[in-house]
Amino acid sequence: MPSLWKRITFSAASVLCVLSAVLLVVALSTERWVTGRILCKTGVEIVNASHPEMDQFIGDIYYGLFQGGKAKKCGLGRRRSKIYIFPKLVRTLNGGLHMMVILFLLVAVGFALVSLSFCIYNARKVPYQSIKGPKGLYLWNCIAALFGALGVLCFLAAVRHHRLTERVANYRENLFVLVVLDDSLDWSFWLGVGSIATHFAICGVVAMSRIKMPKPEPKKPEEPTISALDLLY
């Protein structure tokens, strides 16, 4: 049976493992990986809009790994539309890179759950094999952090070097050309980054479990003192 300190630290590590998996699942399922502003270039050219009138042609866009939305303003008011990455839009993107992002993040979720099972095991029992103890936890968390980082970096490469936002914005736009004024990484992306940081925190908590806490020493019973008068009696 592990000591109280080890049970506390491995229980805390289990909570962090659950948190990491939840962060990735939420990041995968939400639509706020990127947000930005889009300009209807065609509408500006048709009316020859001046700088003060440009605001009438600026809309917004947001999207995640599976879906998103945009609101374009091309002189006919604000028109909202839904964006679905699968099954057709992904063919116009760098589909292999996009699938790698999803695959890497799913693998990271899997290793986070493996780490959770090992944390629960160490909180209940003292492992006989080193791979089932702290060394195994270091390994699984490093692998989970690695795949999470690969997924985040692949998505960042798609946004910055493959003009992902521009391709998503102009999908099925036959009459208008939309120009991306600016785009930025939103909270869904940073949830993925937070999941990576969580695995390093888990490694720190596991390292703390190896600290040996001082055990309280039991008080020794006081020996009775026998005086010379007691011996006389």
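Residues numbered from 1 in each chain as written. Predicted model: local features only at pLDDT ≥ 70, side-chain atom pairs only at ≥ 80, totals over all residues. Heavy atoms only, no water.

1. Side note on the UniProt feature "transmembrane region" (unreviewed entry) in the protein
Move 1: Under the present numbering, the feature "transmembrane region" (unreviewed entry) in UniProt falls on residues 97–121, 137–159 and 187–209.
Move 2: With 100% helix and 0% strand, the stretch residues 97–121 has end C-alpha atoms that lie 36 Å from each other.
Move 3: A distance of 33 Å separates the end C-alpha atoms of residues 137–159, which is 100% helix and 0% strand. (UniProt positions renumbered as here; feature names shortened; annotations may be inferred. Helix = DSSP H or I, 4+ residues; strand = E, 2+ residues; numbered from the N terminus.)

2. A short note on the packing of aromatic side chains
Move 1: Using the criterion set out here, one finds nine aromatic pairs in the structure.
Move 2: With centroids separated by 6.2 Å and ring planes inclined at 25°, the aromatic side chains of F111 and W140 adopt a geometry described as stacked. Of this pair, F111 sits in helix 4 (residues 95–124) while W140 sits in helix 5 (residues 134–161), and the two are 29 residues apart along the sequence.
Move 3: A connected cluster of aromatic rings, assembled from ring pairs, spans F104, F111, F118, W140 and F147. (Phe/Tyr/Trp six-rings, centres within 6.5 Å; stacked < 30°, edge-to-face > 60°.)

3. So, empty space enclosed by the protein
Move 1: In the structure shown here, the tally under the stated rule is one cavity of 30 Å³ or more.
Move 2: Approximately 70 Å³ is the volume attributed to the largest cavity.
Move 3: Put simply, the parts of the chain that give the lining of the largest cavity at least two residues each are helix 4, helix 5 and helix 6 (164–169).
Move 4: Considered class by class, the residues forming the lining of the largest cavity number five nonpolar, three polar and one charged. (1 Å grid on protein atoms, 1.4 Å probe; cavity = no way out; pocket = protein on both sides within 12 Å on 5 of 7 lines; lining within 4 Å. Points joined across faces, edges and corners; volume = space filled by probe spheres on them. Nonpolar A, V, L, I, M, F, W, Y, C, P; charged D, E, K, R; others polar.)

4. Observations regarding the pattern of salt bridges
Move 1: The tally for this structure, following the rule as stated, stands at seven salt bridges.
Move 2: Note that E173 is salt-bridged to K70, the shortest N-O span being 2.8 Å. Taken as a pair, E173 in the loop between helix 6 and strand 5 (178–185) and K70 in strand 3 (residues 67–73) lie far apart in primary sequence, 103 residues in all.
Move 3: Note that R160 and D183 form a salt bridge whose closest N and O atoms lie 3.5 Å from each other. With R160 in helix 5 and D183 in strand 5, the pair connects residues that are 23 residues apart, well separated along the chain.
Move 4: Under the relative-accessibility criterion, D183 is labelled partly exposed at 22%.
Move 5: Here the salt bridges share partners, and the residues they tie into one network are K70, K72 and E173. (Salt bridge = Lys/Arg side-chain N within 4 Å of Asp/Glu carboxyl O. Buried < 20%, exposed > 50% of the residue type's maximum accessible area, 1.4 Å probe, protein only.)

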